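For reference, the chains in residue letters:
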Amino acid sequence: MKKLIPTLLIAALALALLAACGDMDSTAPQSGSGQKNDNAGGGKSPADKVADGASDVAHGVANAVDDVWDGLSDMLDGDSLMEDDGEGFKAYGIDEGLLDDYALYRGKDAGDPREVFIARVGQGNLDKVEKALEARRSAVAQQWKDSTDAALAYAREPVILKNGDYIILAVHDKAGQLKTAFEKLTK
């Protein structure tokens, strides 16, 4: 992820520079619009328009996982979870270089086993990430295997789902309901 965003921004800058080299003084009507290309006033130059579009693309890639989380958070009572500060991610044993983007949300206290890890995986890395999530799923199930609290039964059976280049590990009482929503959000 750290390499992807700068690469997209460099590509956007290159496109903006190429667009800026175009004929910006043209006052000929645009095809079928009946309007003049007025770059001197409050209108945006072609370079600005390209830069805005490239920014939207970069924003979309950078926030793809956040958008999936936003779609799932109501179902998962997202307000009762907190975004991981990076410490919890270490327990996953995943090299960040394998991921395009990820988000990890956890319960707010040590007695709350809930966690939801969503990742957009880099090309060709899904098997490696899935293997790490299988290990994490086993570790969570092992940690909670002796719990006699029926309300925490979900902690003994975390769910892993994959769709395209997205993968999710859900330790949550509503994890069984995730499949349809997750598939819809990661098309």
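This text follows the structure it describes.
Residues numbered from 1 in each chain as written. Predicted model: local features only at pLDDT ≥ 70, side-chain atom pairs only at ≥ 80, totals over all residues. Heavy atoms only, no water.

A. Expanded view of the pattern of salt bridges. A complete count under the given rule lists 8 salt bridges for this structure. Here Asp112 ties to Arg114 by a salt bridge, and the two come within 2.7 Å at their closest N and O atoms. Residues Asp112 and Arg114 agree in their burial class; the two are buried. Between Asp146 and Lys145 there is a salt bridge whose closest N-O contact spans 3.7 Å. By relative accessible area, Lys145 is classed as partly exposed at 43%. (Salt bridge = Lys/Arg side-chain N within 4 Å of Asp/Glu carboxyl O. Buried < 20%, exposed > 50% of the residue type's maximum accessible area, 1.4 Å probe, protein only.)

B. Geometry of a negative patch on the surface. Taken together, the side chains of Asp67, Asp70, Asp74 and Asp79 define an acidic patch exposed on the protein surface. Considering the arrangement of structural elements, one finds Asp74 in the loop between α3 (64–73) and β1 (81–83). (Patch = residues over 30% accessible without salt bridge, like charges linked within 9 Å, V, L, I, M, F, W, Y side chains within 5 Å. Areas by Shrake-Rupley, 256 points an atom, 1.4 Å probe, with all protein chains shown as cover. Lys, Arg positive; Asp, Glu negative; His and termini not counted. Charge placed at Lys NZ, Arg CZ, Asp CG, Glu CD. Helix = DSSP H or I, 4+ residues; strand = E, 2+ residues; numbered from the N terminus.)

C. A look at the sheet that holds strand β4 (residues 159–163). Reading across from one edge, β1-β2-β3-β5-β4 is the order of the 5 strands in this open sheet, with antiparallel pairing throughout. Only two strands of the sheet have a single neighbouring strand rather than two, namely β1 and β4. Shown here is a sheet whose adjacent strand axes are inclined to one another by a mean of 15°, direction ignored. Sheet topology places strand β2 (residues 99–107) next to strand β3 (residues 115–121); 7 bridges connect them, and they run antiparallel. Paired with Tyr102 across the two strands is Ala119, which belongs to β3. Against the sheet, α3 makes contact with β1, β2, β3 and β5 (166–171), and its axis sits at roughly 145° relative to β3, the strand it touches most. Each of β4 and β5 is contacted by helix α6 (residues 178–185), which is oriented at about 30° to β4, the strand it contacts most. (Pairing = 2+ DSSP bridges. Axes fitted to C-alpha atoms, helices over the stretch in contact; angles between N-to-C directions. Contact = heavy atoms within 4.5 Å.)

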